[in-house]
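Residue strings, one per chain:
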Amino acid sequence: MNRALEALLEKYPDIASCQDDIVAAYDIMRESYENGGKALFCGNGGSASDSEHIVGELMKGFMSRRPVPDEERARWIEAYGDEEGRYIADHLQGGLPAISLVSHTALLTAFINDVAADMMFAQQVYGYGKPGDVLVGLSTSGNSANVMRAVQVAKLRGLKTIGLTGRTGGKMAEACDVTIRVPKDSTPDIQERHLPIYHAICIMLEEEFFGK
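Criteria and thresholds
- Residues numbered from 1 in each chain as written.
- Predicted model: local features only at pLDDT ≥ 70, side-chain atom pairs only at ≥ 80, totals over all residues.
- Heavy atoms only, no water.
- Disulfide = S-S within 2.5 Å.
- Buried < 20%, exposed > 50% of the residue type's maximum accessible area, 1.4 Å probe, protein only.
- Core = buried A, V, L, I, M, F, W, Y, C linked by side-chain atoms within 4.5 Å.
- Helix = DSSP H or I, 4+ residues; strand = E, 2+ residues; numbered from the N terminus.
- Contact = heavy atoms within 4.5 Å.
- Pairing = 2+ DSSP bridges.
- Axes fitted to C-alpha atoms, helices over the stretch in contact; angles between N-to-C directions.
- Polar contact = N/O pair within 3.5 Å; in protein donor to acceptor, adjacent residues only side chain to side chain.
- Parallel < 35°, antiparallel > 145°, perpendicular 65-115°, else oblique.
- Left-handed = near helix turned anticlockwise from the far one by under 90°.
- Nonpolar A, V, L, I, M, F, W, Y, C, P; charged D, E, K, R; others polar.
- Right-handed = clockwise from strand over helix to strand, strands pointing away.

Participant: Even after reading the chapter, I still don't get the state of the cysteines, so can you show me in this structure?
Facilitator: Each disulfide is one covalent bond, formed between the sulfur atoms of two cysteines. Throughout the structure, instances matching the rule amount to zero disulfides. In this model Cys 42 remains outside any disulfide bridge; the closest cysteine sulfur is found in Cys 176, 9.3 Å from its own. Cys 42 gets classed as buried once you look at its relative accessible area, which sits at 0%. The thiol of Cys 202 is unpaired, and the distance to the nearest cysteine sulfur, on Cys 42, comes to 16 Å.

This is the structure in structure tokens:
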């Protein structure tokens with residue numbers, strides 16, 4: 001068992017039932033990144049904050065620094081000189097492409113006002129998503145209308161879909177390729193488990209792509 005996953009289950013034994021789905025979600029994201037894909041994230045309220053949080057862990061160093069490769073470092077120095085090139089290389093880190101769909105205020109408010117609120121994430125999936133990408137939707141009930149619309153569009157666009165929900169999984173349990181259903185019923189309890197789960201997945205991905 002991966003050490004990050006082992007640590008997660010040791011600290012939160014009540015989510016042991018989620019182990020297989022956590023591994024499956026990790027495998028989907030790993031395969032996407034291996035093939036040049038990206039991950040899109042969406043949710044509402046606290047789950048919107050989680051979407052931005054996850055992007056922060058994927059796009060920069062989380063548990064390790066992720067220095068740029070030596071060949072890229074040499075290119076920066078060649079292009080901009082020793083001092084400037086080294087500064088740029090020293091202050092860049094390897095990133096796993098990830099976009100939070102909750103963060104585009106002008107687009108979201110315009111789309112809610114002009115088109116349809118339940119389609120605000122779906123529109124971004126339609127615009128950003130490519131076959132082989134991944135959509136991760138967070139919904140404690142598993143029934144958030146705007147997240148479900150995003151899942152529907154993602155599936156027909158050729159994206160893999162991952163849901164993070166509560167005990168029942170709601171509509172997302174059937175709609176997503178993988179649904180991590182935390183065995184809790186109240187929103188705070190569910191969200192308190194989502195965080196360590198996505199932290200563990202981010203650590204596993206970081207180790208896979210930057211730990212060698």
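Next comes the rest of the write-up.
Participant: Is there a simple way to explain the nonpolar core in this structure?
Facilitator: Nonpolar side chains in soluble globular proteins tend to end up buried together. Among the nonpolar cores identified, the biggest contains 36 residues, and Met 29, Phe 41 and Leu 58 are the most heavily contacted of them. Elements with a minimum of two residues in this core: helix H1 (3–11), helix H2 (19–34), strand E1 (39–43), helix H3 (46–58), strand E3 (134–138), strand E4 (160–165), strand E5 (178–181) and helix H10 (187–210). Ranked by residue count, the leading element in this core is H10, at nine residues. Ignoring anything within four residues of it in the chain, the contact list for Phe 41 reads Met 29, Ser 51, Ile 54, Val 55, Leu 58, Ala 98, Ile 99, Ser 100, Leu 101, Val 102 and Val 136. One finds Ala 48, Leu 135, Leu 159 and Ala 175 within the second-largest nonpolar core, a separate group that totals 22 residues.

Participant: Would you mind showing me how to read the sheet that holds E4 here?
Facilitator: Sheet strands associate in pairs through backbone hydrogen bonding, adopting either a parallel or an antiparallel arrangement. One open sheet holds the five strands; their spatial order is E2-E1-E3-E4-E5, and the pairing between them is parallel. Edge positions in the open sheet fall to strand E2 (98–100) and E5, since each of these has one partner strand only. Within this sheet the neighbouring strands show an average axis-to-axis angle of 15°, counted without direction. Note that E1 and E3 share five bridges and pair parallel.

Participant: Explain the environment of Asn 113 here, please?
Facilitator: Mapping Asn 113 onto the fold places it in helix H6 (residues 105–114). Distance in space between the C-alpha atoms of Asn 113 and Gly 158 is 28 Å, their sequence separation being 45 residues. Of the polar contacts made by the side chain of Asn 113, one reaches the side chain of Asp 114; its length is 3.0 Å.

Participant: Would you mind going over unusual backbone geometry with me for this structure?
Facilitator: It is generally the case that most residues other than glycine have a negative phi and that most peptide bonds are trans. The phi torsion at Arg 66 lies on the positive side, around 60°, for a residue other than glycine. Along the polypeptide, Arg 66 turns up in the loop between H3 and helix H4 (70–80).

Participant: When you look at the side chain of Lys 38 in this model, what are you seeing that I'm missing?
Facilitator: Mapped onto the elements, Lys 38 comes out in the loop between H2 and E1. A distance of 2.7 Å separates a polar atom in the side chain of Lys 38 from a polar atom in the side chain of Asp 133. Discounting residues that sit within four places of it in the chain, Lys 38 has contacts with Ser 32, Tyr 33, Pro 97, Ile 99, Tyr 128, Lys 130, Asp 133 and Val 134.

Participant: I keep staring at the packing of H2 against H10 and nothing clicks. Help me out?
Facilitator: Packed helices, taken two at a time, are described by their axes: the angle between them and the distance between them. Viewed as axis vectors pointing N to C, H2 and H10 meet at an angle of 40°, and their least axial separation amounts to 10 Å. Comparing their axes, H10 and H2 come out oblique. Judged by the sense of rotation from one axis to the other, the crossing of H2 with H10 is right-handed. Across the interface between the two elements, Ile 22, Ala 25, Tyr 26, Met 29, Arg 30, Tyr 33 and Glu 34 from H2 touch Ile 197, Ile 201, Met 204, Leu 205, Glu 208 and Phe 209 from H10. When grouped by side-chain class, the residues that make up the contact of H2 with H10 number ten nonpolar, no polar and three charged.

Participant: I would appreciate a short explanation of the side chain of Ser 47 in the present structure.
Facilitator: Locating Ser 47 in the fold gives a position in helix H3. Look at Ser 47 and you get buried, because its relative accessible area is 2%.

Participant: Sorry, what's going on with the packing of H1 against H10 here?
Facilitator: Two numbers describe how H1 lies on H10: the axes approach to 8 Å, and their chain directions differ by 165°. For the element pair H1 / H10, the angle class is roughly antiparallel. As for how H1 packs across H10, the hand of that crossing is right-handed. Contacts from Arg 3, Ala 4, Leu 5 and Leu 8 in H1 reach Pro 196, Ile 197, Ala 200, Ile 203, Met 204 and Glu 207 in H10. For the contact of H1 with H10, a count of residues per class yields eight nonpolar, no polar and two charged.

Participant: What's the story with the pairing of E4 in this structure? I'm lost.
Facilitator: Along any regular strand, the residues point their side chains to alternate faces of the sheet. For E4, the tally of buried residues reaches five of six residues, placing the bulk of the element in the interior. Taken together, the five bridges between E3 and E4 define a ladder with parallel strand orientation. Paired with Leu 135 across the two strands is Thr 161, which belongs to E4. Remark: the E3/helix H8 (residues 145–156)/E4 crossover connection has right-handed handedness. Summarising the sheet, E4 and E5 pair through four bridges and their orientation is parallel. For Thr 165, the partnering residue across the bridge sits in E5 and is Arg 181.

These values are about where atoms sit, not about what they do.
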